[in-house]
Amino acid sequence: MCIFCKIVDGEIPANKVLENEEFLAFHDINPIAPIHILIIPKVHVENFQSVSPELMAKMTPFIQQVAAELCLDKSGYRLVVNNGKDGGQEVPHLHFHLLGGARLKWTHLTEDETHKNL
Ligand code: 5GP
Ligand code: ZN
C-alpha cells in the first residue's frame, strides 16, 4: 500500500485540513511555502496522466473549497502536480500541491541554458 493510501486508512497520521467521502487535504510534512497542502483522492490513482475526467470533475470543486477554507481564494495560490519521473513525482498517488501564504517566486526549474529565455 502506498504512503498516501496509508494516510487515508489512518495507518500514518496526517495534519488534515478538509475531507469528504472521496478526497482528503492535509499539510505537507516538508513545506516549501507558508501554506503547503496536499490534496488527494482517497482512491489510489497513480498520477495525473491516469486520472479519469469523472474523478477530476469532482476533485476540482474540492480543491477550490480547500483554497477557500484557508482564505487563499482572494490572495491567490499555486497548484502544482508533479507527474512521473521528469515531473519529479516521488509519491505514486495523485496529489495536488496547494501553495500559498506569500508571493511565490516563478523561476527556472532546470539548469538547461536553452530554456533560460522562456
Ligand atoms: P511529489 O514529489 O511526489 O510531488 O510530492 C510528495 C510530497 O509528499 C512531498 O512534498 C513530501 O514532502 C510529501 N510527503 C511525503 N511523505 C509524507 C508524509 O508521510 N506525510 C505528509 N504529510 N507529507 C508527505
Ligand atoms: Zn495510494
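Residues numbered from 1 in each chain as written. Chains lettered and ligands numbered in written order. Predicted model: local features only at pLDDT ≥ 70, side-chain atom pairs only at ≥ 80, totals over all residues. Heavy atoms only, no water.

Draft legend 1. Focus on the sheet that holds strand E4 (residues 78-80). Judged by pairing direction, the sheet is antiparallel, and its five strands sit side by side in the order E1-E2-E3-E5-E4 without closing on themselves. The open sheet has two edge strands with one neighbour each: strand E1 (16-19) and E4. Taken over all neighbouring pairs, the strand axes of this sheet differ in orientation by 20 degrees on average, direction set aside. On top of the sheet, helix H2 (residues 53-69) reaches E1, strand E2 (23-27), strand E3 (35-41), E4 and strand E5 (96-100); it is set at about 155 degrees to E3, its chief contact. (Pairing = 2+ DSSP bridges. Helix = DSSP H or I, 4+ residues; strand = E, 2+ residues; numbered from the N terminus. Axes fitted to C-alpha atoms, helices over the stretch in contact; angles between N-to-C directions. Contact = heavy atoms within 4.5 Å.)

Draft legend 2. Spotlight on the nonpolar core. Residues Ile-39, Met-59 and Val-66 are the most contacted members of the largest nonpolar core, which totals 19 residues. Elements with a contribution of two residues or more to this core: E2, E3, H2 and E5. At seven residues, H2 tops the list of elements feeding residues into this core. (Core = buried A, V, L, I, M, F, W, Y, C linked by side-chain atoms within 4.5 Å. Buried < 20%, exposed > 50% of the residue type's maximum accessible area, 1.4 Å probe, protein only.)

Draft legend 3. Summary view of the packing of aromatic side chains. Enumeration over the complete set of coordinates arrives at three aromatic pairs. With centroids separated by 6.1 Å and ring planes inclined at 85 degrees, the aromatic side chains of Phe-48 and Phe-96 adopt a geometry described as edge-to-face. Remark: Phe-96 occurs in strand E5 and Phe-48 occurs in the loop between E3 and H2; sequence separation between them is 48 residues. You can call Phe-48 partly exposed: its relative accessible area is 39%. (Phe/Tyr/Trp six-rings, centres within 6.5 Å; stacked < 30°, edge-to-face > 60°.)

Draft legend 4. Quick peek at the coordination of the zinc ion (ligand 2). The zinc ion (ligand 2) binds to the protein through Cys-2 (SG), Cys-5 (SG), His-44 (ND1) and His-93 (ND1); the donor distances cover 2.0 to 2.3 Å. Bound by four donor atoms, the zinc ion (ligand 2) shows angles of 102 to 121 degrees at the metal and therefore tetrahedral coordination geometry. Each donor residue of the zinc ion (ligand 2) lies on the same chain, and together they follow the pattern C-x2-C-x38-H-x48-H. Here Cys-2, found in the segment before helix H1 (3-9), pairs with His-44, found in the loop between E3 and H2; they are 42 residues apart in sequence, far enough to count as distant. (Donors = N, O, S within 2.8 Å, 3.2 Å for Na, K, Ca; no water. Tetrahedral: all angles 85-135°; square planar, octahedral: opposite > 155°, others 65-115°.)

Draft legend 5. Just the pattern of salt bridges, in detail. Taken as a whole, this structure holds four salt bridges when the rule is applied. Between Asp-73 and Lys-74 there is a salt bridge, with the nearest N and O atoms lying 3.6 Å from each other. With a relative accessible area of 42%, Asp-73 lands in the partly exposed category. In this structure, a network of salt bridges that share partners links the residues Lys-16, Glu-19 and Lys-42. (Salt bridge = Lys/Arg side-chain N within 4 Å of Asp/Glu carboxyl O.)

None of the figures reported here should be taken as evidence of function without further support.
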